[in-house]
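These are the residues of each chain, in order.
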Amino acid sequence: MSQPALLRLAKVSKRYGTVQANKEIDLEVHTGSIHAVLGENGAGKSTLMKLIYGVEQPDVGHIYWNGQEVHLARPSDAQALGIGMVFQHFSLFETLSVVQNVSLMIPGKPADLAQKITDLGDQFGLSVDPHAMVHRLSVGERQRVEIIRCLLLNPKLLILDEPTSVLPPQSVRRLFETLRKLQADGMAILFISHKLDEIRELCDTASVLRGGEVTGRVDPREHDARSLAQLMIGREMPNVAHAAPRPPGEERLRLNALSHPRASRFGTTLEGIDLKLRSGEIVGIAGISGNGQQELAALISGETRAQEPGMVEIMGKKVGHLGPMARRKLGFAFVPEERLGRGAVPEMSLADNSLLTAHSRNMLSRGFIRRSVERAFTRECIEAFDVRTPGPDAEAGAMSGGNLQKFILGREIMLNPDVMLVSQPTWGVDIGAATAIRKRLLDMRDQGCAILVISEEMDELFEMCSKLHVLHNGHLSPALDAAETTPQEIGRYMIGAAT
Amino acid sequence: MSGLEFLLAGTLAASLPLLLAALGEMVVEKTGLLNLGLEGMMAIGAAIAFICVFHTGSHTLGFAAAALISTVVAMFFAILVIGVKANEVAAGLAIGVLGLGLSALFGKSYESRTISGLPKIDIPGLSDIPLIGPTLLTQDIVVWLAVLGSIALWWVLNRTKLGLIIAAVGENADAARSIGYPVVLIRLCAVAFGGAMCGLAGAYASTVYTPLWADGMIAGRGWIALALVVFGTWQTGRVAFGALLFGILSLGELTAQAMGVGLPSQVLSSLPYLVTILMLVVISRRRSGLF
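Rules and cut-offs
Residues numbered from 1 in each chain as written. Chains lettered and ligands numbered in written order. Predicted model: local features only at pLDDT ≥ 70, side-chain atom pairs only at ≥ 80, totals over all residues. Heavy atoms only, no water. Contact = heavy atoms within 4.5 Å. Buried area = accessible area lost by both parts, 1.4 Å probe. Salt bridge = Lys/Arg side-chain N within 4 Å of Asp/Glu carboxyl O. Nonpolar A, V, L, I, M, F, W, Y, C, P; charged D, E, K, R; others polar. Helix = DSSP H or I, 4+ residues; strand = E, 2+ residues; numbered from the N terminus. Buried < 20%, exposed > 50% of the residue type's maximum accessible area, 1.4 Å probe, protein only. Domains from an automatic or database assignment. Pairing = 2+ DSSP bridges.

Asks: Please clarify how the interface of chain A and chain B should be interpreted in this entry.
Replies: A common way to state how big an interface is: give the accessible area lost once the parts meet. Residue-level contacts link 13 residues of chain A with 13 residues of chain B. For the pair chain A and chain B, the summed buried area comes to about 1,200 Å², and 61% of that belongs to carbon and sulfur atoms. At the surface where chain A touches chain B, the tally comes to 0 salt bridges. Classifying every residue of the side of chain A that touches chain B gives 6 nonpolar, 5 polar and 2 charged.

Dropping the structure here:
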């Protein structure tokens, strides 16, 4: 190669305690290239980005910028070289306006900055009102603000950490157009993702990480998604073909014109939600988080009481006025999206976490806890659901997201529920565990359970569900037949373009 | 002097301790902390200022000493909360009790002693205006400085980069840290500012408003100031308006007693506190979006 790489990592390693997060990583990023870093959760992608952005320092190894060795002690060192980063969880201030947010990082008069924001927006398709308050912006607009804030520092390398995980399909298109324009403008881009199709569409080079090591350097355009996945998880992809559902049986959950005012200024008001869920079927609710998903889940689980008893019906009974315990007695089970704090108590052992929802399984005797039953139940759950943990005494808070999710789901499934609500089943869960979780849910369906899944992952919903709804701004779309609808149509509902 | 003239002349002075303490606490809360020790910081400031003025006769020295001692007490709070990450409610209450205790200790041998207050300034032209001239517009120097200071604080918080940084730190400290702002230092400065303002508030109460030392003379004004920050929804203008309102209420109580309103004085004295509770209830209900 005639000219040195813009960024080169040579044998970079980083260890946290006993965990080898990155091991002898070599990486080269060239100007004008969109370079993918591909890997499952826990493969070491985030650590690697922290090393490049100066948040952490490598234990051994060297980092070169334009052929010169550099030491990045803090993010401002990386920024000074020309490295910009767009975080997965945005670091914007919601109560400030766009231009105020930008001015916290970039010197200059507000009026000049507003003009620059508008100019960059026109140039790269990142239009956003500089004077809008951030809390009023959509997720896509917030991401544009983050990118603009980075671009104003004139970076030569832009790092994007899972940028599409929060976006509806239309915004993903738009983001890709922006990134291609930046690439044509001579920018190098590091694109971190676990979504194979996106990487194949956008990137010209991919480094695959597994267990902290680089396991492959490929041109993603020349590989299909299946072979990329194999590089990523290190084995054959599990077969995702499932048996077709049998015709559904009787109705088990019904929402009748469910409306509920928002509880706070940042909440969502739900309006006139109708939904039917029958035995032996999985119904999915798509949509971006924050459009009423949490409110709806709380109303179905009983954490929030509905305004009329008849707005929520479980197993044919009006339960809108009943609490979670009473609804669970009817055969309802719930896996919430927050694993720590709602699904499990972080400071308590797995065994005690079992007790929280499975106490009716003979775990109590005259008000006293029968520890042996509690432990036996927990051990059975750990084995049956492949939870990787030392045992029933392990603290819930010390487990990885995927393992804890398998435990919580297992605990609820072992109650043999008739109706189940599962919220964001595979958030932050690696591909292997996610596949296992989906398989379990489909098995439950085949045994006659009625399952409602709320998820942001459209692929997941299309894989499991026979009917789909979309929740947007507190309104639920009519039921769409999963076999007949398309991701594009779902996407139009997600941004409110169709009703 | 009629009741109206009495109100016009006295409201600003009666509001001043509330105003200073509330504005200081507002800045603390804007950076995302909560210091419940206002009452104690005001009390120790009041005691030190009184002792200082009693011995030296200099109000300037009294105010400076009060600001200093209350800042020191506030720094205890900062060390506990920012340094060793203690619970801020417990730490705030603790330094509040500490301040009250120290003020009683230092002030013991000065009980019921008096000093001279500050003269009211006649500003030529202003004080010739009928009715409000000799009353509302004839105030001591501290009142005028406080009015100017409040305007300056509003300008800093709403029109400068520093104000923006304070708001950013309070809203999302992690994000502020990630873009390179010294969050700890900013919070430390805010707590110090809050302490100094409480010291000045206490000094005004004990050496100008009622230039006499009595144990417990702050009499809950620290708690009212705390409530005013919420009442004013963390905005300088509204906090100042709230302070004026309570100033009028506390004077109105005196006027009513003087005019012989047929209510027990205890009922009248409790009015400002009852109104505080009512306002807090109204505001917290509105903030949760119920009306």
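Asks: Got a minute to help me understand the environment of L20(B) in this structure?
Replies: All names here are of chain B. Considering the arrangement of structural elements, one finds L20 in helix α1 (residues 3-30). By relative accessible area, L20 is classed as buried at 8%. It is 9.3 Å that separates the C-alpha atoms of L20 and A196, two residues lying 176 residues apart in sequence. Here L20 is in contact with A146, M197, L200 and A201, once residues within four sequence places are set aside.

Asks: Is there a simple way to explain the environment of T357(A) in this structure?
Replies: Residues and elements named next belong to chain A. In this fold, T357 is placed in helix α11 (residues 350-358). Looking at T357, the relative accessible area reads 13%, which means it is buried. The spatial distance from the C-alpha of T357 to the C-alpha of G401 is 19 Å, given a sequence separation of 44 residues. With residues near it in sequence (within four places) discarded, T357 still touches R328, R411, E412 and L415.

Asks: Explain the domain arrangement of chain A to me, please; I cannot follow it from the model alone.
Replies: Partitioning chain A into domains gives domain 1 (7-233), domain 2 (238-331 + 417-499) and domain 3 (344-416). For domain 1 of chain A and domain 3 of chain A, the distance between their C-alpha centres works out to 39 Å.

Asks: Explain the pairing of strand β4 (residues 60-65) of chain A to me, please; I cannot follow it from the model alone.
Replies: It is a general feature of regular strands that their side chains alternate between the two faces of the sheet. Residues and elements named next belong to chain A. When strand β1 (residues 7-16) meets β4, the two strands line up antiparallel, connected through 5 bridges. What sits directly across from S13, in β4, is V60. Two elements, β4 and strand β5 (residues 68-70), share 3 bridges in a ladder whose sense is antiparallel. Bridging across to β5, Y64 finds its partner in E69.

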